[in-house]
Amino acid sequence: QLTLVESGGGLVQAGGSLRLSCAASGSTFVIHNMGWYRQAPGKQRELVATVTNEGSTNIVDSVKGRFTISRDNAKNTVGLQMNSLKPEDTAVYYCNVTGRWGDDYWGQGTQVTVSS
């Protein structure tokens with residue numbers, strides 16, 4: 001069993017910054033890719049950024065240049081630094097782990113609200 005716990009969400013004004021963190025515990029040996037998704041009200045959950053075991057990153061165009069994903073394999077953590085936040089970044093952000101056998105694990109989500 002793998003447990004993911006997110007932290008760092010909150011309310012920020014447009015142009016501000018937030019940093020999300022996610023810590024994995026339990027069966028951490030299954031971890032392969034780590035990443036962040038988000039879901040805005042009335043919309044489907046969407047990919048934000050991922051990072052592989054080897055450190056290769058993938059960041060979606062809508063946040064590229066503003067968001068940075070980082071990973072600490074020794075601590076089994078993944079972070080998302082969010083700068084120049086926009087109201088359209090408002091969503092519940094979910095930490096995700098893809099296991100080495102293709103299974104998905106999710107955190108409980110953390111709310112990010114950007115006011116205009």
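This one's a predicted model, so the numbers in the text were calculated from it and none came from an experiment.

1. A short note on the overall build of the chain
A count of helical and extended segments in the chain gives zero helices and 11 strands. If you list the helices and strands of the chain from N to C, you get β-β-β-β-β-β-β-β-β-β-β. Relative to a compact globule of 116 residues, whose C-alpha radius of gyration would be 13 Å, the chain shows 13 Å and is just as compact. Considering only C-alpha atoms, the chain reaches an extent of 40 × 25 × 20 Å along its principal axes. Among the 116 residues that make up the chain, the fraction classed as buried is 42%. The contacts of the chain with a sequence gap of at least 6 include a subset with a gap of at least 24, amounting to 54%. In the structure as shown, the chain presents an accessible area of about 6,000 Å², 47% of it carried by carbon and sulfur atoms. Of the charged side chains in the chain, 10 are positive and 9 negative; the average position of the first set lies 4 Å away from that of the second.

2. Looking at the packing of aromatic side chains
On inspection of all chains with the given rule, the structure shows two aromatic pairs. Chaining the aromatic ring pairs together yields one cluster made of Tyr37, Tyr94 and Trp106. A cation sits over an aromatic face here: Arg45 above Tyr94, 3.7 Å from the ring centre. Positioned above the aromatic ring of Trp106, the side-chain terminus of Arg45 is 4.6 Å from the ring centre.

Here is what the cut-offs are and how they apply
- Residues numbered from 1 in each chain as written.
- Predicted model: local features only at pLDDT ≥ 70, side-chain atom pairs only at ≥ 80, totals over all residues.
- Heavy atoms only, no water.
- Helix = DSSP H or I, 4+ residues; strand = E, 2+ residues; numbered from the N terminus.
- Rg over C-alpha atoms; globule rule 2.2 N^0.38 Å.
- Buried < 20%, exposed > 50% of the residue type's maximum accessible area, 1.4 Å probe, protein only.
- Contact = heavy atoms within 4.5 Å.
- Areas by Shrake-Rupley, 256 points an atom, 1.4 Å probe, with all protein chains shown as cover.
- Lys, Arg positive; Asp, Glu negative; His and termini not counted.
- Charge placed at Lys NZ, Arg CZ, Asp CG, Glu CD.
- Phe/Tyr/Trp six-rings, centres within 6.5 Å; stacked < 30°, edge-to-face > 60°.
- Lys NZ or Arg CZ within 6 Å of the ring centre and 35° of its normal.

Taken by themselves, the reported measurements are silent on function.
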